[in-house]
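Residues per chain, in single letters:
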Amino acid sequence: MTAFKSLSAAMVKGFLRDKMALFFAFLFPLMFLVVFGLLFGDAGGDKTKIAVVGEGPVVTALDQTGVLEFEKFDNPDQARQKVNDGDLPAAVVVGDGRVDLTFAASDQVKAQTVVGIVSGVVDKLNVAATNTPPAFEFAAKPVEDASLKPIQYLTPGILSWAVAISGVFGSALTLVSWRKKQVLRRIRLAPVGPTAVLSSRVLVSVGTALLQGLVFVAVALTPPFGLKLTGQWWLAIPLLILGTMAFFAIGMLVGAFCKTEEAASGAANLITMPMAFLSGTFFPVESTPPWLQAVSNAFPLRHMNDGMLDVLVRGKGAEALLLPSAVLIGFTLVVGFIAAKVFRWED
Amino acid sequence: MEVADIRKHYGDLKAVDGVSFTVAEGEFFGILGPNGAGKTTTLEIVEGLREPDSGSVTLLGAQPWPRNAKLLPRIGVQLQASSFFEKLTAREQLETFGSLYGVPPAKATEMLELVGLSDKANVPENKLSGGQRQRLSIACALVHDPDLVFLDEPTAALDPQARRNLWDVLRAIQERGKTIVYTTHYLDEAEILCDRVAIMDKGRILAMDTPAKLIRGLDAPTRVSLERGSLTVAEAEAFQGVDHVQEDETSLTISTREPAPVLSALAERGALDGLQVRTATLEDVFLNLTGREYRA
């Protein structure tokens, strides 16, 4: 058996027997996927709750719009008090041939939505009551828009994040612990080059990343989450590999500076956590302020994320890989070069 | 193997301060001294892990520094820390280290047997006892059948039983015709195991020879001690060849450079109860060389 193969085998065995490593590579990110996936599962707007007094066709029609929820009151003053207190955005009081709407001026957006809905319903009923055909025919129908359901952006985001943490932690911790335990020194005393050692570790990380991709996508495809893959999902594979290399290089850099495993995992957390939040792992980057979007461009995770979104759920083709791949390769080369410069065999 | 006047200074600290020695093929050579004497640094320079500030090292006709990939398969190094791969069993450790040298996995079985760990083959390294781990570590250093073996304090921190087991392993290795260079701070152990020893202190070699010659060179008296009361001081002083007699609460001690007549005189009197004969040891050699008590 060659040194490359046996070192890879040794590291795979070490990884599979390390319950903590397995937990952080698979279960930990999966927990986020499950929690966020189910939490945001039927998002798409909450119903607005308003106070309602009275009964009749107006109330029935309001109910049929499907966007309002009612809290019934017997007394108009009670209902208005709720609005005054700021508990509810609006109160509708339906009397005999009369609809009174009171709304809170504080939340203009919500209030105007309610005003619009109520006046629309009342106008429609008025037109119907006159028994004359309406002057303008109004038609509305829904289309699927480009914005994504939570699971559609969560899956690529959390997958990229998982690859990032196992890449950074895997390489940093291996390097630090091998240096501390003098395994590096022992290897240096054997007739093997650093290439065999390094490439076998990279191979294990890449294998882990591909497995992570498989597991996360498989879980997200199940009914409770309902991920829909579009287009050429297999284009994610080159991204997984390139992403692993970039994060591996970052881990090597961390490992070169840290003396203990504790320091290395602290530093790796310090890098991966903010990067995950700013790169759109848990929410779309588009929903953040413009300056933050600009900052996030500095992170390899942001670009890996964008590429993953494009090829997994936005149905884009190979052209979507160009920018993310270029950024990830650039990161790998630059960070890898610095890591090689500051690399130490021993403390 | 030849080491000529190597020096390594760290600032003001002269870790190795002009060390020279040669080791012949098949020899069991010990480098002794207290902690901080420069043993490990010397060994690291010889192994090619550190560059000396000056001086030269020749191993099997080649220079170990800079890293010499041709020389590496011929030397085996056991490091001070137990350097193993995570979560692998004893056998897997041997197979992995062996593969770095292109050794087939089957060799692991033979090595496990050599160090007496055959029944622990499938036990993870971190579940082994200190002595077992140390033996495994030595097996890993030998897995590629090197000619020259370096062992850095293999018996440190082991209990007496584990140390004795390890001595058997070391003797078995020597019987295979390997040249062994090892460091220890147990002088008694070196006296038993080594063909030749170098005593180091403060970065220098103070003396180098076979343990027996070093001790003889001291010209130290043999001390015969008996139970108190079996003989009076005056009676003992009357024996031929006695240098000095001393009595304390438990025993009477006779110092002599001619133990034979003293012992036969004692035997004639039947005064052999609790008899102990103590000759000088390497610790006395150390004391004589440095003027201070040996403390490991």
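Rules used in this analysis
- Residues numbered from 1 in each chain as written.
- Chains lettered and ligands numbered in written order.
- Predicted model: local features only at pLDDT ≥ 70, side-chain atom pairs only at ≥ 80, totals over all residues.
- Heavy atoms only, no water.
- Helix = DSSP H or I, 4+ residues; strand = E, 2+ residues; numbered from the N terminus.
- Buried < 20%, exposed > 50% of the residue type's maximum accessible area, 1.4 Å probe, protein only.
- Contact = heavy atoms within 4.5 Å.
- Areas by Shrake-Rupley, 256 points an atom, 1.4 Å probe, with all protein chains shown as cover.
- Lys, Arg positive; Asp, Glu negative; His and termini not counted.
- Charge placed at Lys NZ, Arg CZ, Asp CG, Glu CD.
- Buried area = accessible area lost by both parts, 1.4 Å probe.
- Salt bridge = Lys/Arg side-chain N within 4 Å of Asp/Glu carboxyl O.
- Polar contact = N/O pair within 3.5 Å; in protein donor to acceptor, adjacent residues only side chain to side chain.
- Patch = residues over 30% accessible without salt bridge, like charges linked within 9 Å, V, L, I, M, F, W, Y side chains within 5 Å.
- 1 Å grid on protein atoms, 1.4 Å probe; cavity = no way out; pocket = protein on both sides within 12 Å on 5 of 7 lines; lining within 4 Å.
- Points joined across faces, edges and corners; volume = space filled by probe spheres on them.
- Nonpolar A, V, L, I, M, F, W, Y, C, P; charged D, E, K, R; others polar.
- Pairing = 2+ DSSP bridges.
- Axes fitted to C-alpha atoms, helices over the stretch in contact; angles between N-to-C directions.
- Domains from an automatic or database assignment.
- Parallel < 35°, antiparallel > 145°, perpendicular 65-115°, else oblique.
- Left-handed = near helix turned anticlockwise from the far one by under 90°.

> Go over the overall build of chain B, please, and point to the residues and values.
Helices and strands together make up the secondary structure of chain B, namely 10 helices and 13 strands. For chain B, the spread of C-alpha atoms along the principal axes amounts to about 70 × 45 × 30 Å. The buried share among the 296 residues of chain B stands at 50%. Counting only contacts in chain B whose residues sit at least 6 apart along the sequence, the fraction spanning at least 24 positions is 64%. In the structure as shown, chain B presents an accessible area of about 13,300 Å², 45% of it carried by carbon and sulfur atoms. Across chain B, 32 positive and 44 negative side-chain charges occur, with their mean positions spaced 5 Å apart.

> Can you break down helix α2 (residues 90–99) of chain B residue by residue, with the values?
Burial analysis of α2 of chain B places eight of its 10 residues in the buried class, the great majority of the element. Its buried side turned inward, α2 of chain B meets α1 (3–16) and α7 (183–188) of chain A together with α3 (107–114) and α4 (130–142) of chain B.

> Account for the interface of chain A and chain B, naming residues and giving values.
Contact with chain A, which involves 24 residues of that partner, is made by 29 residues of chain B. In this assembly, chain A packs against chain B so that about 2,600 Å² is buried in total across both faces, 57% of it on carbon and sulfur atoms. At the surface where chain A touches chain B, the tally comes to three salt bridges. With a closest N to O distance of 3.5 Å, E92 of chain B and K13 of chain A form a salt bridge. Across the contact surface, chain A and chain B share 13 residue pairs in polar contact (both at pLDDT 80 or more). Broken down by secondary-structure element, the contributors of at least two residues to the side of chain A that touches chain B are α1, α6 (150–180) and α7 of chain A. Here the element with the most residues in the side of chain A that touches chain B is α1 of chain A; it accounts for six residues.

> Describe a nonpolar patch on the surface, and please don't skip the residues or the numbers.
Residues and elements named next belong to chain A. The grouping of L210, W233, W234, I237, I241 and M245 at the surface amounts to a nonpolar patch, some 530 Å² of accessible area in total. Broken down by element, the nonpolar patch gets its largest block of residues, three residues, from helix α9 (residues 236–257). Looking at where I241 falls in the secondary structure, it is placed in helix α9. Looking at I241, the relative accessible area reads 31%, which means it is partly exposed.

> So what's going on with the layout of surface pockets? Residues and values would help.
All names here are of chain A. Its boundaries defined by the atoms lining it, the largest pocket holds a volume of some 810 Å³. Along the wall of the largest pocket there are 32 residues; nearest its centre are F15, D18, A21, G170 and L173. Where the lining of the largest pocket is concerned, the elements lending two or more residues are α1, α2 (19–39), α6, α8 (194–221) and α10 (261–278). For the lining of the largest pocket, the element with the most residues is α6, which contributes 10 residues. Tallied by class, the residues present in the lining of the largest pocket amount to 16 nonpolar, 11 polar and five charged.

> Pulling in residues and values, what's your account of the sheet that holds strand β13 (residues 276–278) of chain B?
Strand-to-strand pairing in sheets goes through backbone hydrogen bonds, with the strands running parallel or antiparallel. All names here are of chain B. The sheet built from four strands is open, its strands ordered β11-β12-β10-β13 with antiparallel pairing. Each having just a single partner strand, β11 (242–247) and β13 make up the two edges of the open sheet. Taking each pair of neighbouring strands and ignoring which way they run, the sheet shows an average axis angle of 20°. Sheet analysis places strand β10 (residues 222–227) next to β13, joined by three bridges and oriented antiparallel. Bridged to R223 within β13 is R278. Against the sheet, helix α9 (residues 259–268) touches β10, β11, β12 (251–256) and β13, its axis set at about 15° to β10.

> An account of the domain arrangement of chain B is needed here, citing residue identities and associated values.
What the domain assignment lists for chain B is domain 1 (2–215) and domain 2 (221–279). Using only C-alpha atoms to locate each centre, domain 1 of chain B and domain 2 of chain B end up separated by 42 Å.

> Help me get a handle on the sheet that holds strand β2 (residues 13–22) of chain B, residues and values and all.
All names here are of chain B. The three strands are arranged β2-β1-β4 in an open sheet whose pairing can be described as antiparallel. The open sheet has two free edges, formed respectively by β2 and β4 (54–58), since each of these has just one partner strand. The mean angle between the axes of side-by-side strands here comes to 20°, regardless of whether they run parallel or antiparallel. Sheet topology places strand β1 (residues 2–10) next to β4; four bridges connect them, and they run antiparallel. By the bridge assignment for β4, V3 is matched with V57.

> Tell me what's going on with the pairing of strand β3 (residues 28–32) of chain B, and back it up with residues and numbers.
All names here are of chain B. Along β3, five of the five residues are buried, which leaves the element largely enclosed by surrounding structure. In β3, alternate side chains face the same way, and those of F28, G30 and L32 on one face and F29 and I31 on the other are all buried. Pairing geometry for β3 and strand β7 (residues 179–184), over five bridges, is parallel. Bridge pairing in β7 places L32 opposite T184.

> Now, about the pairing of strand β3 (residues 90–95) of chain A: what can you tell me, with residues and values included?
Residues and elements named next belong to chain A. Most of β3 is tucked away, with five of its six residues classed as buried. Examined bridge by bridge, strand β1 (residues 48–53) and β3 share three bridges and lie parallel to one another. Paired with V53 across the bridge in β3 is V93. Alignment of β3 against strand β4 (residues 98–103), held across six bridges, turns out to be antiparallel. By the bridge assignment, G95 is partnered in β4 with R98. Linkage of β3 to β4, two consecutive antiparallel strands, is achieved through a turn of two residues, within which G97 is found at a positive phi near 65°.

> Could you give an account of the domain arrangement of chain A, naming the residues involved and the relevant values?
When the domains of chain A are assigned, the result is domain 1 (3–41 + 149–342) and domain 2 (48–130). On a C-alpha basis, the centres of domain 1 of chain A and domain 2 of chain A stand 51 Å from each other.

> Please set out the packing of helix α12 (residues 300–312) of chain A against helix α13 (residues 322–342) of chain A residue by residue, giving values where relevant.
Working note: a packed helix pair is described by the angle between its axes plus the distance between those axes. Residues and elements named next belong to chain A. Between α12 and α13, the shortest axis-to-axis distance is 8 Å and the interhelical angle comes to 150°. By the angle class used here, α12 and α13 are roughly antiparallel. For the element pair α12 and α13, the recorded crossing hand is left-handed. On α13, the residues that touch P300, H303, M304 and G307 of α12 are L323, P324, V327, L328 and F331. Split by residue class, the contact of α12 with α13 holds seven nonpolar, two polar and no charged.

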